[in-house]
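Examining the three-dimensional arrangement
Each chain, written out:
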Amino acid sequence: MRTAQITRKTNETDITLSVDLDGTGRRDIKTGVGFFDHMLDQLARHALIDITISATGDLHIDDHHTVEDVGIALGQALAQAMGDKRGIRRYGSFHLAMDDALLRAALDLSGRPYLVWNVEFPTPKIGGFDTELVREFFQAFSTHGGITLHVSKLAGINSHHIAEAAFKAVARALREALEPDPRSGDAIPSTKGTL
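Here we summarise the structure given alongside this text. (Residues numbered from 1 in each chain as written. Predicted model: local features only at pLDDT ≥ 70, side-chain atom pairs only at ≥ 80, totals over all residues. Heavy atoms only, no water.)

Here's the deal with the nonpolar core
Selection criterion: We call a set of buried residues a nonpolar core when its members are Ala, Val, Leu, Ile, Met, Phe, Trp, Tyr or Cys and they connect through side-chain atoms within 4.5 Å of each other. Only protein chains enter the accessibility calculation, which uses a 1.4 Å probe. A residue is then buried if its area is under 20% of the maximum for its type, exposed if over 50%, and partly exposed in between. Strands here mean DSSP runs of E at least two residues long; helices mean DSSP runs of H or I at least four residues long; both are numbered from the N terminus. Residue contacts are counted whenever heavy atoms from the two residues lie within 4.5 Å of one another.
With 61 residues, the main nonpolar core has Val19, Leu40, Phe137 and Phe138 as its most contacted residues. In terms of residue count, helix α4 (residues 159-178) provides more of this core than any other element does, 12 residues in total. Beyond its immediate stretch of four places on either side in the chain, Phe138 contacts Leu115, Trp117, Leu149, Ala166, Phe167 and Val170.

Next up, the structure:
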């Protein structure tokens with residue numbers, strides 16, 4: 001079973017999170033940040049990863065610590081659940097169209113974290129949510145998940161659509177990369193013999 005549970009407790013946040021990489025996209029996500037919960041719902045649903053998150057944070061200050069720390073915990077859970085990565089495809093990419101927005105995500109579950117973020121938002125907020133936090137989440141997620149992740153906006157004029165398309169594109173690329181490769185058996189997908 002490719003599952004993991006992470007607990008992260010700091011002076012700023014208290015997070016309990018679990019993942020099942022071979023799930024169906026079931027989710028129970030409560031971070032206290034409505035728009036962020038909506039984005040994480042999309043991530044779970046389109047990656048077909050079961051995700052449970054219970055997070056409390058210093059939202060009286062702002063959403064930053066909660067969003068970043070959930071990204072850290074989710075990345076750690078992903079890395080733990082993947083184990084030695086035997087038999088996975090490793091690479092994934094996806095173009096996601098959502099109304100005016102077109103986003104491309106490409107990733108490598110290499111163990112070498114790196115984020116390339118070519119996404120600009122036309123507005124600083126989506127409702128009360130700071131659009132800059134979308135990048136902060138993916139930075140934390142890719143760093144702690146050991147993911148090389150490239151996300152680019154190819155089109156888009158609506159900030160909500162751009163953010164949602166980014167989460168869905170990453171989810172679909174992640175789904176592809178995590179899938180078993182029937183031609184490789186249980187081999188580690190690297191000439192180095194380890195990832």
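Having seen the model, we can carry on.
Observations regarding the side chain of Ser110
Our working rule: In the analysis that follows, any N or O atom pair within 3.5 Å is treated as a polar contact, provided that within protein one partner can donate a hydrogen and the other can accept it, and provided that, for residues neighboring in sequence, both atoms belong to side chains.
As for its position among the elements, Ser110 is in the loop between β6 (101-108) and β7 (114-118). Among the polar contacts made by the side chain of Ser110, one reaches the main-chain amide nitrogen of Arg112 at a distance of 3.0 Å. If sequence neighbours within four positions are ignored, Ser110 has contacts with Lys85, Arg90, Gly146, Thr148 and Leu195.

Focus: the sheet that holds β7
We count it as follows: A pair of strands counts as paired when DSSP detects no fewer than two bridges linking them. Helix axes use the C-alpha atoms of the stretch in contact, all axes being lines fitted to C-alpha atoms, and the angles between their N-to-C directions lie in the range 0 to 180 degrees.
Read from one edge of the open sheet, four strands run β5-β6-β10-β7, paired in mixed fashion. Two strands bound the open sheet, and with one partner strand each, they are β5 (91-98) and β7. Between one strand axis and the next, the sheet turns through 10 degrees on average, direction left out of account. Examined bridge by bridge, β7 and strand β10 (residues 148-155) share five bridges and lie parallel to one another. Bridge assignment links Trp117 to a residue of β10, and that residue is Val151.

Digging into unusual backbone geometry
Even without a glycine there, the phi angle at Leu48 is positive, about 55 degrees. Relative to the elements of secondary structure, Leu48 occurs in the loop between α1 (34-47) and β4 (50-57). Of note in this structure, Arg90 is not a glycine but carries a positive phi near 80 degrees. Summarising the element assignment, Arg90 is placed in the loop between α2 (64-82) and β5. On the basis of relative accessible area, Arg90 is assigned to the buried category, the value being 7%.

Structural notes on the packing of α2 against helix α3 (residues 132-145)
Stated formally: Orientation categories follow fixed angle ranges, with anything under 35 degrees roughly parallel, anything over 145 roughly antiparallel, 65 to 115 roughly perpendicular, and all other angles oblique. Definitions for this section: a left-handed crossing has its near helix turned counterclockwise from the far helix by less than a right angle. A right-handed crossing has that turn clockwise.
Two elements in contact, α2 and α3, have axes whose closest approach is 7 Å; the angle formed by their N-to-C orientations is 30 degrees. On the basis of the axis angle, α2 is roughly parallel to α3. Where α2 crosses over α3, the two elements pack in a sense that is right-handed. For the pair α2 and α3, the contacting residues are His64, Val67, Glu68, Val70, Gly71, Ile72, Leu74, Gly75, Gln76, Leu78, Ala79 and Met82 in the first and Leu133, Glu136, Phe137, Ala140, Phe141, His144 and Gly145 in the second.

Comments concerning the sheet that holds strand β1 (residues 3-9)
In space, the four strands of this open sheet follow the order β1-β2-β4-β3, with mixed pairing throughout. Looking along the sheet, the strands with just one partner apiece sit at the ends: β1 and β3 (27-30). Across the sheet, the axes of successive neighbouring strands diverge by a mean angle of 5 degrees, strand direction being ignored. One ladder, built from seven bridges, connects β1 with strand β2 (residues 13-20); its direction is antiparallel. By the bridge assignment for β2, Lys9 is matched with Asp14. The strands touched by α1 are β3 and β4; relative to β3, the strand with the most contacts, the crossing angle is about 160 degrees. Sheet contacts for α2: β1, β2 and β4; angle to β2, the most-contacted strand, approximately 35 degrees.

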